Amino acid sequence: MKSIKIIFFILVIFLKTGNNLSADNLFYVNNVEIFKKKSSNTEVLANEAIMKGFKELINKVLLKKDQQKLSDLSFSNIKELISHYQIIETDKESEKKNILLFNIKFDQYKIHNLFYKRGILYSDISRDELYLLPILKKDDQIFIYSKNYFYENWNTTRKYDFIEFILPIENIEIIQILNSNSNNLLNVKINEIFNEYGNKNTALIFIEEDNSEIEKIFIKTNIMGKNINKSLQIKDSNLSQEQLYSKIIDETKYEIINLVKSQNLIDIRTPSFINVNFLSSKKNNLVDLSKRLKRIELIENIYVQELNSKYVTLKIKYLGKIDKIIKKMESQNIIMKFTNDQWNLSIKK
């Protein structure tokens, strides 16, 4: 009888639920700004926030081509996808501007079901970092750090909450490498420029200005260990130089984000399974492990396969690639290692 109670207790502990209220959740849209109008009541403002929040969500998780697949959704369809929303306290500056802030939580399972029905793959790139160096070539000169509008202003234009662009500080070795390849910058190896950043996502941007109506941009990236190159052409459209430069930054950012998304795509139709052993002890607490696993939205379910006095064997159903799950677990201080032909879990405080 005692063993049955223990089994039931463990099954309850690992029951996967959707009550993940963390702001780190992929389907949580934070700080949606809505301008307060005198004639609008709270419900009208909330509806506006829901529409704006949904647009932010699909912009964050979907490739451009897949965003079009949801263009026919009505407001009532979108509202059904909401788990809950809240109006948060605004600071004095926001109050002066008559701005109301909303946090919106979309129901993960309803979103998954929508994507499943429409054959949409989505991307999990929440709070990723990308190290980037934009290089300007003008009048046969290259500008790297100084007198380079793109290096100086890259993060002053539109920002994305889910990608942080980090520009490296001035480095004499990088200057030497680029100067020695000034006649053929496209031959520069990206790992030579970012060798100190290990396996981080990186990008080199070459902007060639030749006083024509079209500006040429070449992007070299290393994303998730894969080298991906892309070229862009941006029309002048009678813009001022500053407007043109800002447009180049915005469109290049957007293209890089799509490249990052393309390497982090998740197909809801093809989940994966993995068996892991968890050595239960005072240090490795089952309740603590369960709480941490439930914060990982890519884990769909957890099944207890075997249990004894030494360990519990769990079968985890998850979406995406195994290295992504390992990374997600690390963010929750869960260590998953493959040893002795078996995946093993442990937790650290």
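Bear in mind that the values here come from a model prediction, so they are computed numbers and not experimental data. (Residues numbered from 1 in each chain as written. Predicted model: local features only at pLDDT ≥ 70, side-chain atom pairs only at ≥ 80, totals over all residues. Heavy atoms only, no water.)

*Asks:* Before we move on, could you go through the nonpolar core and cite the residues and values that matter?
*Replies:* Counting residues in each nonpolar core, the largest one holds 52 residues, and the members touching the most others are Leu 70, Phe 102, Phe 106, Phe 115, Tyr 122 and Met 329. Considering every element that reaches this core, the biggest residue donor is helix H2 (residues 42-61), with eight residues. Dropping the residues within four chain positions of it, Tyr 122 is found in contact with Leu 26, Phe 27, Val 61, Leu 62, His 112, Phe 115, Asn 264, Leu 265, Ile 266, Ile 268, Leu 298 and Leu 319. Within the second largest apolar cluster, 48 residues are counted, among which are Ile 142, Trp 154, Phe 165 and Ile 205. (Core = buried A, V, L, I, M, F, W, Y, C linked by side-chain atoms within 4.5 Å. Buried < 20%, exposed > 50% of the residue type's maximum accessible area, 1.4 Å probe, protein only. Helix = DSSP H or I, 4+ residues; strand = E, 2+ residues; numbered from the N terminus. Contact = heavy atoms within 4.5 Å.)

*Asks:* Quick rundown of the pairing of strand E15 (residues 334-339)? Include the residues and the values.
*Replies:* Bridging between E15 and strand E16 (residues 342-347) involves six bridges; their strand directions are antiparallel. Looking at the pairing, Lys 337 lines up with Asn 344 of E16. Hairpin connection from E15 to E16: two residues lie between these consecutive antiparallel strands, with Asn 340 at a positive phi of about 50 degrees. (Pairing = 2+ DSSP bridges.)

*Asks:* Describe helix H12 (residues 322-331), listing the residues and the values that go with them.
*Replies:* Along H12, the residues classified as buried are Lys 324, Ile 325, Ile 326, Lys 328 and Met 329. Turning to H12, the residues buried within the fold contact strand E5 (128-138), helix H11 (286-294), strand E13 (299-307), strand E14 (311-318), E15 and E16. Once H12 finishes, Asn 333 follows within two positions and takes phi at roughly 60 degrees, a positive value.

*Asks:* Report on a negative patch on the surface, specifying residues and quantitative values.
*Replies:* Judged by side-chain charge, Asp 139, Asp 140, Glu 208 and Asp 210 come together as a negatively charged surface patch. By secondary structure assignment, the location of Asp 139 is in the loop between E5 and strand E6 (141-143). Owing to a relative accessible area of 54%, Asp 139 belongs among the exposed residues under this scheme. (Patch = residues over 30% accessible without salt bridge, like charges linked within 9 Å, V, L, I, M, F, W, Y side chains within 5 Å. Areas by Shrake-Rupley, 256 points an atom, 1.4 Å probe, with all protein chains shown as cover. Salt bridge = Lys/Arg side-chain N within 4 Å of Asp/Glu carboxyl O. Lys, Arg positive; Asp, Glu negative; His and termini not counted. Charge placed at Lys NZ, Arg CZ, Asp CG, Glu CD.)

*Asks:* I'd like to hear about the packing of aromatic side chains, residue by residue, with values.
*Replies:* Under the defined criterion, the tally for this structure stands at twelve aromatic pairs. With 5.1 Å between their ring centres and 85 degrees between their planes, Tyr 145 and Tyr 151 make a pair best called edge-to-face. Residue Tyr 145 shares its accessibility class with Tyr 151, and that shared class is buried. Measuring from ring centre to ring centre gives 5.2 Å for Tyr 149 and Tyr 245, while their planes differ by 50 degrees; the resulting arrangement is tilted. With Tyr 149 in helix H7 (residues 149-153) and Tyr 245 in helix H10 (residues 241-262), the pair connects residues that are 96 residues apart, well separated along the chain. (Phe/Tyr/Trp six-rings, centres within 6.5 Å; stacked < 30°, edge-to-face > 60°.)

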